[in-house]
Amino acid sequence: MSGRNDGYLAEHVYPSNFPREFSPAWVDAMLCCRNVAPPRAPRAPFALLDLGCGDGMGLTLLAAAYPEGRFTGIDAMPAHVANGQAAAARLGIDNVDFRCALFSEVEDPAVPSYDYVTAQGVIAWVSAANRDHVYRIAASHLRPDGVAVLGYNAMPWWKDVAVFQHTALALAETEAGGSVARFDAAVARLQAMRADGASPFSEAFWTWFDTARTNLPHDYFPHEYLNTHWAPLWSDQVAGAMAARGFVLAGPGGASRLREDFAFRAADRRALAGIAQPTARELMGDVFSNASFRIDIFARPTRVGAAQARLDGWWAAMVSEAGADYGCATPAGRLKFDNAAAHAILGGLEAGPRTLRALHAGCGGATEADILNAADALLTAGHIAPAEPPAITPCAEALNAETARAARHGEGVKALAGRNGAFAIGARSITAAFGGESAALAAIRRLGVDIEQTEPAELAAARPG
Ligand SMILES: C[S@@+](CC[C@H](N)C(=O)[O-])C[C@H]1O[C@@H](n2cnc3c(N)ncnc32)[C@H](O)[C@@H]1O
């Protein structure tokens, strides 16, 4: 069918995206939490291959934040690749390359040279054959110490939405026009049925869907729902496919599954404790938490790391010590962490990213275990994020200025690059910081991000006088 790359819709560009869990700092931090050695020492040269890289802006941001890295993005959509290439050229970022190719066209190299292979939002949207190409490419391109990071729509949560997806796809196929117009027409028909009392979907579904329509860009919806091979995956299927290529699940890459005592109720934990086989246990965890999305980090089985490595990891504060809520909701109940170690971490990070070891040294009473526990709680609450030791990042400022211009229109990557890595930040906060708002400026300075305090050119030009 025209307008598709082997079933994947290729009509509208996918919205710019920076999935923070795929940045090297984040992946390494998650590996350290599982006592698995990361593929590189911080700020040592490395290479990252991103499969299905979308419009390339997320990868370009990483390249600006990691000048010591070499980044390659592969995508089948020429417009995506052209956008990434143009952005890198415009911003003078020369450590990122883009290649326009189908996964089936990517050959196995004679010598693997990548430390990370990432694929966010890809394997649950493509055919089984293409999924297998992603697994194959990861296995053949990763050095022995390298890791694959796969993000995908997971079962069981999507089982209810699967009925909607299949119906919307079928109805959209009967409509004329572009994919956004066809999707909108299909939704309008389903909503008319709902108004007439014939909706096959629950009100809970419509509430969720209406919220998604308000919060997400219009071009996102055909990418999510009009792909012929859309199929949320069970985690044991993905783990099984990677096991056949010699990889084991090193651990989930998202903060929500950092610790079982935060992620599951007591009865669920007792049930999980009775399941010895790791992938069956992980799957049961998905069922207990009604998982909708998974980020899995796969490594080769020999990658045992040092237990102390976590203390040497760098972290950045996403909130101030004074402004933080020292508690957050988790599936296990409300997590409270208004303690000396949590205050020491956030207080110590006010001046910029640090290692947990440095924060511990400056903190009087707390033990190393207290610091690690508090870091887990703060990460779960979204108050801290993995960072890097400082580096000179000559292209970050120009990239951030461009990001700020896009953010004012609700577009672009919602993230900034700085000397301590790349951080996900909301469009409103980016706009406020570039507008000179002091709290927003302080927030990004805490992350090691410096910006020119001049107004974006278009704002200045629009000012009278
Ligand atoms: C849902 S988007 C995710 C984009 C990006 N990873 C992100 O998270 O923003 C999936 C991407 O995979 C690409 N893709 C789909 N099928 C492909 C194939 N067979 N070969 C190469 N790229 C493909 C699409 O063009 C699209 O950019």
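Read on for an overview of the structure. (Residues numbered from 1 in each chain as written. Predicted model: local features only at pLDDT ≥ 70, side-chain atom pairs only at ≥ 80, totals over all residues. Heavy atoms only, no water.)

## Description of the nonpolar core
Next up, step 1: Counting 88 residues, the largest nonpolar core has Phe71, Ile345 and Ile384 as the members making the most contacts within it.
Next up, step 2: Per-element tally for this core: the top contributor is helix 2 (residues 57-65), with seven residues.
Next up, step 3: Not counting residues within four places of it along the chain, the set of residues in contact with Phe71 comprises Phe46, Leu48, Leu59, Leu62, Ala63, Tyr66, Asn95, Val96 and Asp97.
Next up, step 4: Leu142, Val161, Phe183 and Tyr225 belong to the second-largest nonpolar core, a separate cluster that totals 55 residues. (Core = buried A, V, L, I, M, F, W, Y, C linked by side-chain atoms within 4.5 Å. Buried < 20%, exposed > 50% of the residue type's maximum accessible area, 1.4 Å probe, protein only. Helix = DSSP H or I, 4+ residues; strand = E, 2+ residues; numbered from the N terminus. Contact = heavy atoms within 4.5 Å.)

## Observations concerning the sheet that holds strand 5 (residues 96-100)
Hydrogen bonds between backbone groups are what pair the strands of a sheet, and the pairing can be parallel or antiparallel.
Next up, step 1: Ordered by their spatial adjacency, seven strands build an open sheet running 5-4-3-6-7-9-8, and the pairing between neighbours is mixed. In this open sheet, the two edge strands, each paired with only one partner strand, are strand 5 and strand 8 (248-252). Each strand of the sheet is rotated relative to its neighbour by a mean of 20 degrees, with strand direction disregarded.
Next up, step 2: Where strand 3 (residues 46-51) lies against strand 6 (residues 114-120), three bridges are found, and the strand directions are parallel. Along strand 6, the bridge assignment pairs Asp50 with Thr118. (Pairing = 2+ DSSP bridges. Axes fitted to C-alpha atoms, helices over the stretch in contact; angles between N-to-C directions.)

## Examining unusual backbone geometry
Next up, step 1: Each neighbour pair has its own omega, and for Met155 with Pro156 the value is 15 degrees, a cis peptide bond.
Next up, step 2: Mapped onto the elements of the fold, Pro156 is located in the loop between strand 7 (142-153) and helix 5 (159-173).
Next up, step 3: Not every positive phi belongs to a glycine, and Asn35 is a case in point at roughly 60 degrees.
Next up, step 4: By secondary structure assignment, the location of Asn35 is in the loop between helix 1 (24-33) and strand 3.
Next up, step 5: Assessed through its relative accessible area of 35%, Asn35 is described here as partly exposed.
Next up, step 6: Of note, Asn290 is a non-glycine position whose phi angle comes to about 50 degrees, a positive value.
Next up, step 7: Within the fold, Asn290 resides in the loop between helix 12 (278-289) and strand 9 (293-299).
Next up, step 8: Of the residues examined, Asn290 reaches a relative accessible area of 35% and is grouped as partly exposed.

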